[in-house]
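As a plain string of letters, each chain reads:
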Amino acid sequence: MGRYRDPVVIVGAGPTGLTLALSLGLAAVPVLLFEAEPALAHDLRAGSYHPPTLEMLEPLGVTERMHVTGIKVPQWQIRDRVEGVVAEFDLGLLKDETPYPYRLHLEQHRLTPILLDRIRESAPSVEVRFGCAVRRVAEDEDGATVWFTDAAGTLQECRASWLFAADGARSVVRRDLGIAFEGFTWPERFLVASTTYDLGRHGITGAGYIADPEHWAAVFKVPDVGPPGLWRIAYAIPPEADEAVELEDANIQAKLFTIFEHVPLGIERFELKYASVYRVHQRVAARFVGRRTMLGGDAAHINNPLGGMGLNGSIHDAVNIAEKLVRIWHDGADPAPLLDLYDRQRRPINIKAVQAMSIRNKRLLEERDPKVRAERLQELRDIAADPARAKAYLMNTSMINSVREAAAIQ
Ligand SMILES: Cc1cc2nc3c(=O)[nH]c(=O)nc-3n(C[C@H](O)[C@H](O)[C@H](O)COP(=O)(O)OP(=O)(O)OC[C@H]3O[C@@H](n4cnc5c(N)ncnc54)[C@H](O)[C@@H]3O)c2cc1C
């Protein structure tokens, strides 16, 4: 039995909230998880997992299940739209650093059911309530009060010993705690289109970044309903563009044929399965903790998807805070220094690594100055050609260094 009467309340059953709930539940900490939607979200979002994330999810019994349908991506490329491959990086160089020297691709909406299944099988101290939207929160010395509407729409309230905000970019918890979400929003939006056409037959790796001053793009293979999977292509649409027009089949086709203009596709049109547009931000919460409250995942930080770090960093938050909450709950550890440590381990790393790298990745792909562009691409060629430098580069892009640096902060 823990020292606290009320459960840990988690707001949001996305990957962050579910990972935390499972981690706490496996340690028999009572958890109440509120999710506004009637079921798990099924929209297309992230889906690339870096080695440290797979390592963290392994003891939760999740990584093995992800491998059942996930696609291993051992190499990734930076390409020039016209010239083709600029640099190819082999994650096999990390084989002495991690048991998972590859990226695993699996749609986020296929990860969340695995997490929920694991909770239902093995974490009886966790109660997940769907259709319950948190409307307001307030913290005090002993915990937090949470006001939520239940599935029937009735306003109710409950107490939390500890409150964790995993309620995404528009976090109600962050708002009510008065925490600023500092940063900026890119003027252009991203369009993501998915095709059944196998770009792999042209030597394009399952993760690839195509540089071009006008028509840059990111390519990303996901399992979908099974082999051969789907290829997702993300590109920018101008700030003034009409979203509905951009999503018209003819316009997506034209853009994809331009992006792959120098690839001998041998088709008249791409078979498209999904397409959506979304706005991209670079923002970090001014603090990740209050007295009895903590933020994690998109509620705490958001970034562009180039490099696949948003979802990974979110899971790293959940695993980091879980270990601290277990010590607080079961061992009576002094909470204030542990919450402070969470903030110090996760917040600066996000700014220094995730925000910086994702902004740099975008600027690399879209660089317009021919001289700067040539220099940057040459630098990547040089790095890829030197195994020691390539390994050092992959230690950063695979988030291994950021996780180790965070762990070293005491
Ligand atoms: C369109 C889109 C595309 C993306 N593509 C990529 C990508 O390619 N690569 C990448 O790395 N990242 C990508 N991301 C980001 C990635 O999906 C997020 O980092 C990840 O979803 C964060 O997980 P989370 O659990 O913190 O938040 P979310 O997944 O947003 O989950 C939050 C949950 O909280 C619930 N909720 C919200 N408010 C309340 C409330 N008041 N009460 C109760 N429940 C509430 C929501 O319904 C939701 O289920 C994308 C994001 C979007 C939106």
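None of the values given here were measured: they were computed from a predicted structure. Numbers given to residues run from 1 along each chain, matching the order in which its sequence is written. The model is predicted, so local features are restricted to residues of pLDDT at least 70 and side-chain atom pairs to those at 80 or more, both for listing and for counting; the totals for chains, interfaces and linings are taken over all residues. For the side-chain quantities, the full set of heavy atoms in the structure was used; hydrogens and water were omitted.

Describing the pairing of strand β17 (residues 272-285)
Filter applied, for reference: At least two bridges found by DSSP between two strands are what make those strands a pair. Only DSSP runs of H or I reaching four residues or more are called helices, and only runs of E reaching two or more are called strands; each is numbered from the N terminus.
Note: strand β13 (residues 181-195) against β17, 12 bridges, orientation antiparallel. Paired with Thr195 across the two strands is Leu272, which belongs to β17. Sheet analysis places β17 next to strand β19 (residues 301-302), joined by two bridges and oriented antiparallel. Note that in β19 the partner of Val284 across the bridge is His301.

Re the packing of helix α1 (residues 15-26) against helix α4 (residues 108-122)
The criterion, for reference: Fitting a line to C-alpha atoms yields each axis, with helices limited to the stretch in contact; the angle taken between N-to-C directions then spans 0 to 180 degrees. For classification purposes, angles smaller than 35 degrees are called roughly parallel, those larger than 145 roughly antiparallel, those between 65 and 115 roughly perpendicular, and all remaining angles oblique. Two helices that cross are described as forming a left-handed crossing if the nearer one is turned anticlockwise from the farther one by less than a right angle, and a right-handed crossing if clockwise. The contact rule is simple, with two residues in contact once any of their heavy atoms fall within 4.5 Å. Each residue gets one label: Ala, Val, Leu, Ile, Met, Phe, Trp, Tyr, Cys and Pro are nonpolar, Asp, Glu, Lys and Arg are charged, and the others, such as Gly, are polar.
Following both chains from N to C, one finds α1 and α4 inclined at 20°, their axes separated by 9 Å at the closest point. Between α1 and α4, the crossing angle belongs to the class labelled roughly parallel. The hand of the α1/α4 crossing is left-handed. Within the contact between the two elements, α1 uses Pro15, Leu18, Thr19, Ala21, Leu22 and Leu26 and α4 uses Gln108, Leu111, Thr112, Leu115, Leu116, Arg118, Ile119 and Ser122. In the contact of α1 with α4, the residues fall into nine nonpolar, four polar and one charged.

Describing the sheet that holds strand β6 (residues 84-90)
Spatial strand order, β6-β5-β14-β15-β16-β13-β17-β19: eight strands in an open sheet with mixed pairing. Two strands in the sheet have a free side with no partner beyond their single neighbour: β6 and β19. In this structure, strand β5 (residues 75-80) lies alongside β6, joined through six bridges in antiparallel fashion. Counterpart to Arg79 in the pairing with β6 is Val85. Most of the contacts of helix α9 (residues 335-366) go to β17, to which it runs at about 130°, and overall it touches β5, β13, β14 (207-211), β15 (217-222), β17 and β19.

A look at the pattern of salt bridges
Which entries qualify depends on this criterion: Between Lys or Arg on one side and Asp or Glu on the other, a salt bridge is scored when a side-chain nitrogen of the former is within 4 Å of a carboxyl oxygen of the latter. When a residue's accessible area, from a 1.4 Å probe over protein chains only, is under 20% of the maximum for its type it is buried; when over 50% it is exposed; and in between it is partly exposed.
Per the stated rule, a full pass over the model turns up 29 salt bridges. The residue Asp224 makes a salt bridge to Arg110 at a minimum N-O spacing of 3.7 Å. Taken together, the positions of Asp224 in the loop between β15 and β16 (230-237) and Arg110 in helix α4 put the pair 114 residues apart, joining distant regions of the chain. With a relative accessible area of 8%, Asp224 lands in the buried category. Among the residues examined, Arg110 registers a relative accessible area of 24% and is labelled partly exposed. Residues joined in a network through salt bridges with shared partners are Glu107, Arg110, Asp224 and Lys273.

Examining the side chain of Arg174
Counted only if it meets this: Charged residues are defined here as Lys and Arg on the positive side and Asp and Glu on the negative side; His and the ends of the chain fall outside this count. Contacts described as polar in this section are N or O atom pairs within 3.5 Å, which, within protein, must combine one atom able to donate a hydrogen with one able to accept it, while residues neighboring in sequence count only if both atoms come from side chains.
Mapped onto the elements of the fold, Arg174 is located in helix α5 (residues 172-176). At 6.6 Å, Asp167 is the nearest oppositely charged side chain to Arg174, a buried residue that forms no salt bridge. For Arg174, the side chain forms a polar contact with the main-chain oxygen of Ala169, separated by 2.8 Å. Those residues in contact with Arg174 that lie beyond four places of it in its chain are Gly168, Ala169, Ile179, Phe181, Ala285, Leu295, Asp298 and Ala299.

Keep in mind these numbers describe shape, not what the thing actually does.
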